[in-house]
Amino acid sequence: MYQNGIKIVLDKLVALMALLLVSPIFILITLILFLLHKQVFFIQTRVGKNQKRFSIYKFQTMSEARDSNGKLLPDDARITAFGKWLRATSLDELPQLLNVLKGDMSLVGPRPLLTDYAHLYSDYQNQRHQVWPGITGYVQVKGRNALTWEERFDLDVYYVQHISFIFDCKILFLTFITLFDFKKSRPQNGISIEPFEGQW
């Protein structure tokens, strides 16, 4: 009842209130990104509940710089100074409140992963797709990118099997705390995390 009823309503209400609350910051970031890059949002296809694909929204943190052959430069070379700050503060994730209002995501749940990984999951790992993906989740408050893929999937499955209002509130509370711990909130090596190649 909570997962398919109360949680959906609460998600949309909180997302709407949050958008209204942070609207000045949202508008300011939008203006800065437009002036810097003419491109405000990074839009990418991810896998959500029941493996349904959707477009996730983030603020743009990288340039489109390419080498002499027209190939995009590595992430470390393309991220901008303002983009680094957005990532460090997690403000690049703000547009995902729109995903929550659209019904693609929840405030709390397993983070939606790339479509490239869709065929690599075991039945155990695939349990993460039984619920809506979240802006934050159990993985994000237990170590995030410092964790191995195996540990991340274990935490995702644990969340799916123990989802509740109290559990969600706990994760949201811990999220605000971890936002101020940059070592836990960002990749430990470089800009992007290592790709998932299918294991176990």
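This write-up is about the structure you can find in this document. (Residues numbered from 1 in each chain as written. Predicted model: local features only at pLDDT ≥ 70, side-chain atom pairs only at ≥ 80, totals over all residues. Heavy atoms only, no water.)

Things to note about the pattern of salt bridges
Per the stated rule, a full pass over the model turns up 7 salt bridges. Between Glu93 and Arg144 there is a salt bridge whose closest N-O contact spans 3.7 Å. Placement of the pair is Glu93 in the loop between helix 3 (81-89) and helix 4 (96-102) and Arg144 in the loop between helix 5 (138-141) and helix 6 (149-162), with a sequence separation of 51 residues. For Glu93, a relative accessible area of 9% corresponds to the buried category. Salt bridges here are not isolated pairs; linked through shared partners, they connect Lys58, Glu93, Arg111 and Arg144. (Salt bridge = Lys/Arg side-chain N within 4 Å of Asp/Glu carboxyl O. Helix = DSSP H or I, 4+ residues; strand = E, 2+ residues; numbered from the N terminus. Buried < 20%, exposed > 50% of the residue type's maximum accessible area, 1.4 Å probe, protein only.)

Here's the deal with the packing of helix 6 against helix 7 (residues 165-178)
Across the interface, helix 6 lies against helix 7 with an axial gap of 9 Å and an inter-helix angle of 140°. Considering the angle they form, helix 6 stands oblique to helix 7. Contacts between helix 6 and helix 7 involve Tyr158, Tyr159 and His162 on the former and, on the latter, Phe167, Asp168 and Ile171. Within the contact of helix 6 with helix 7, the residues separate by chemical class into 4 nonpolar, 1 polar and 1 charged. (Axes fitted to C-alpha atoms, helices over the stretch in contact; angles between N-to-C directions. Parallel < 35°, antiparallel > 145°, perpendicular 65-115°, else oblique. Contact = heavy atoms within 4.5 Å. Nonpolar A, V, L, I, M, F, W, Y, C, P; charged D, E, K, R; others polar.)

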